[in-house]
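As a plain string of letters, each chain reads:
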Amino acid sequence: MPQVAEYRGRFTAAQAERLLWRAGFGPRRGEAQALAKLGLDGAVHALANPGREQLVGPAPHDDKGRPLAPYDAWGHDHSWWLDRMVRTSRPLVERMALVWHDWFATSNAGVGSQRLMLNQNQLFREHGLGGFHDLLLSVTRDPAMLLWLNGSDNSRFSPNENYAREMMELFTLGAGRGYSETDVREQARALTGFRNDWKQGVGDVNFRYDPKWHDSGAKTIFRKRGTFTWRDSVRLAVGHPDHPSFFVRKLWSYFIAGTPDGATQRTLERLYVSKQYEIRPVLAAILKHPALYDGGRLVKPPAVYTAGLLRRLGRGIDTTAWSWIGQMAGQQLFYPPNVAGWDDSRWLDTATWRGRWWTAQYVLRPYALDPGKASQPFDANQLLAGALGFWRHPDLTPATHSALLAFAKAALGDANAAWKRKQYAVMTQNALRQLIAVSPDMQTA
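Just so it is clear, the structure is predicted and the values come from calculations on it, not from any experiment. Within each chain, residues carry numbers counting from 1 in the order of the written sequence. Note on the predicted model: pLDDT of at least 70 is required for a residue's local features to be given, and 80 or more for side-chain atom pairs to be given and counted; whole-chain, interface and lining totals, by contrast, use all residues. Here the side-chain values reflect all heavy atoms present in the structure, with hydrogen atoms and water set aside.

(A) Structural context of the overall build of the protein chain. A count of helices and strands for the protein chain gives 23 helices and four strands. On C-alpha atoms alone, the protein chain measures out to a radius of gyration of 24 Å, which is about the 22 Å that the 2.2 N^0.38 rule sets for 445 residues. In terms of principal-axis extent, the alpha carbons of the protein chain reach across some 90 × 60 × 40 Å. Accessible area is worked out with a 1.4 Å probe on protein chains only. A residue is then buried under 20% of its type maximum, exposed over 50%, and partly exposed in between. A total of 445 residues make up the protein chain; the buried ones form 54% of that total. Strands are runs of DSSP state E lasting at least 2 residues, helices are runs of H or I lasting at least 4, and numbering of each runs from the N terminus. For a compact globule the rule gives 2.2 Å times the number of residues to the power 0.38, and the radius of gyration it is set against comes from C-alpha atoms.

(B) Layout of a nonpolar patch on the surface. Two distance rules govern patches: like charges are joined within 9 Å, and nonpolar side chains (Val, Leu, Ile, Met, Phe, Trp, Tyr) within 5 Å, applied only to residues with over 30% relative accessible area and no salt bridge. For every accessible area listed, the method is Shrake-Rupley and the probe measures 1.4 Å; residues are considered covered only by the protein chains on display. By definition here, a salt bridge exists when the distance from a side-chain nitrogen of Lys or Arg to a carboxyl oxygen of Asp or Glu is within 4 Å. The grouping of Val299, Leu348, Trp353 and Trp357 at the surface amounts to a nonpolar patch, some 310 Å² of accessible area in total. Mapped onto the fold, Val299 is located in the loop between helix 16 (290–294) and helix 17 (302–313). Taking relative accessible area as the criterion, Val299 reaches 32% and is therefore assigned partly exposed.

(C) Quick peek at helix 14 (residues 262–274). Every helix has an expected span of 1.5 Å times one less than the residues it contains. Given a rise of 1.5 Å per residue, 13 residues ought to cover 18 Å, and the 18 Å separating the end C-alpha atoms of helix 14 matches this to within 8%. Looking only at helix 14, the buried set comprises Thr264, Gln265, Thr267, Leu268, Leu271 and Tyr272. Between the side-chain oxygen at the start of helix 14 and the backbone nitrogen of Ala263 there is a gap of 3.1 Å, and the oxygen is on Asp261. Directly beyond the C-terminal end of helix 14, a positive phi value near 60° is found at Gln276. Pairing of N or O atoms within 3.5 Å defines a polar contact, subject to two protein rules: one partner must be a possible hydrogen donor and the other a possible acceptor, and residues neighboring in sequence count only if both atoms are side-chain atoms.

(D) Spotlight on the pairing of strand 1 (residues 194–199). The rule for pairing is simple: two strands pair if DSSP sees at least two bridges between them. As paired strands, strand 1 and strand 2 (residues 203–209) are joined by five bridges and run antiparallel to one another. Directly across from Asp197, in strand 2, lies its bridge partner Val205. Between strand 1 and strand 2, which pair antiparallel and follow one another directly, the connecting turn spans three residues, one of which, Gly201, has a positive phi of 80°.

(E) Region of interest: the side chain of Arg356. Considering the arrangement of structural elements, one finds Arg356 in helix 19 (residues 353–364). Positive charge is attributed to Lys and Arg, negative charge to Asp and Glu, and no charge count is given to His or to the chain ends. For the buried Arg356, no salt bridge exists, and the shortest N-O distance to an oppositely charged side chain is 8.5 Å, to Asp349. Discounting residues that sit within four places of it in the chain, Arg356 has contacts with Val299, Lys300, Pro301, Pro302, Tyr305, Ala329, Trp347, Leu348, Val438 and Gln443. The contact criterion used throughout is that any non-hydrogen atoms of two residues lie within 4.5 Å.

(F) Broad picture of helix 10 (residues 162–172). Taking burial as the measure, the eleven residues of helix 10 include eight buried ones, the bulk of the element. All of the buried residues in helix 10 are Tyr163, Ala164, Glu166, Met167, Met168, Leu170, Phe171 and Thr172. Looking at the buried residues of helix 10, the elements they touch are helix 5 (91–103), helix 8 (132–140), helix 9 (143–148), helix 11 (181–190), helix 12 (230–238) and helix 13 (243–253).

(G) Structural view of the side chain of Ser439. With respect to the helices and strands, the residue Ser439 is situated in the loop between helix 22 (418–437) and helix 23 (440–443). At 2.8 Å, the side chain of Ser439 and the backbone oxygen of Ile436 are in polar contact. Those residues in contact with Ser439 that lie beyond four places of it in its chain are Leu396 and Thr400.

(H) Spotlight on the pattern of salt bridges. Summed over all chains, the structure comprises 19 salt bridges. Between Glu181 and Arg165 there is a salt bridge whose closest N-O contact spans 2.9 Å. On the criterion of sequence distance, the pair formed by Glu181 in helix 11 and Arg165 in helix 10 is long-range, its members being 16 residues apart. Given a relative accessible area of 23%, Arg165 falls into the partly exposed group. Between Glu186 and Arg189 there is a salt bridge; the shortest N-O distance is 3.1 Å. Pair noted here: Glu186 and Arg189 are both in helix 11, with a separation of three residues, about one helical turn. Grouping residues by exposure puts Glu186 and Arg189 together as buried. Linked by salt bridges that have partners in common, Glu53, Arg84, Glu94 and Arg125 make up one network.

Quick look at the structure:
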């Protein structure tokens, strides 16, 4: 079988850092250098085959030092998951949980239970690098998904087509590819049988499959006839000839800008099928592809951007403000806008940019220098060097570097009185740190 193209250039800390941004949430201090020493093959293998989770750093808490209450308090679920992103020792596992949260987009706005949403989140963590067929089986019977797409309202007495349609349109085949309206109706019949109860003061409970509620009659799906059940429904969707192409293109889009060329697309499809629909081999091939290292940059999703800044500075979760800031930036975790997930084209627009600015500002709050107490050199070049050192020397383009230096010179030039020089130097240092964080170079990877 033809091999998928692999990057053959130098694999230095710069390439390792891009890999950590695409396959995780950016590097902590020294991580890119350590990963670079493994070489490309070793680095991808280490990310795709991690050991047991070891969360690094202090446990998260709210603004008053109290432990988070992710099952109960509004916004604590967002901060809880952000903490996992910041402290994880298995960044690709956590990043894939975010990918599947978008792929199988489920919102607590419809589920109404943070506990069920967190249980689904753990499902993605456990199955995110395994077989796609097994993952889809787990998602199909997951209580949060059953509520979100009316799976537990789908019975032989009153078939509901919501999950059947989205399973094919968004999860396995793509809109208008390989299925008809008849297939939607017949898939809905195959998926009947899930139920749950409602308990006063508790909510939705006792999720189960009840054969008495299942339509046991013959169905015709993708021109195949049988007394199909929900497991058959999943098997038929994943085994459909149009599924591999959909899977490869969609998975690729999370890690590499643009679309794969025809040869790469076909080779990845063959790899996927030959490996019995396993996710890990295809993902590893994508992470080694030259387009990841030589291709265009991707805008960091708000959660990735926030977690990356915190990891870079070694700061943990010590406030629950991240939930409303994430909402402002366009990505409140556990609340995707609809079943299609987040629209990546809106990560940097006039509506969400303010949230990006606030993200950087809140990340920097504990490190802000007091103009009345701190001191900084009254020199633009030294101030910029200090700000870059604060951020551990990110790789900035010459244009960004020039713009920052011009800003520093202009800011200091306004200090036309001797008593202003000390304060202006400190304020300029604070401003440079903020501007570096919101620069195009830090917003993308």
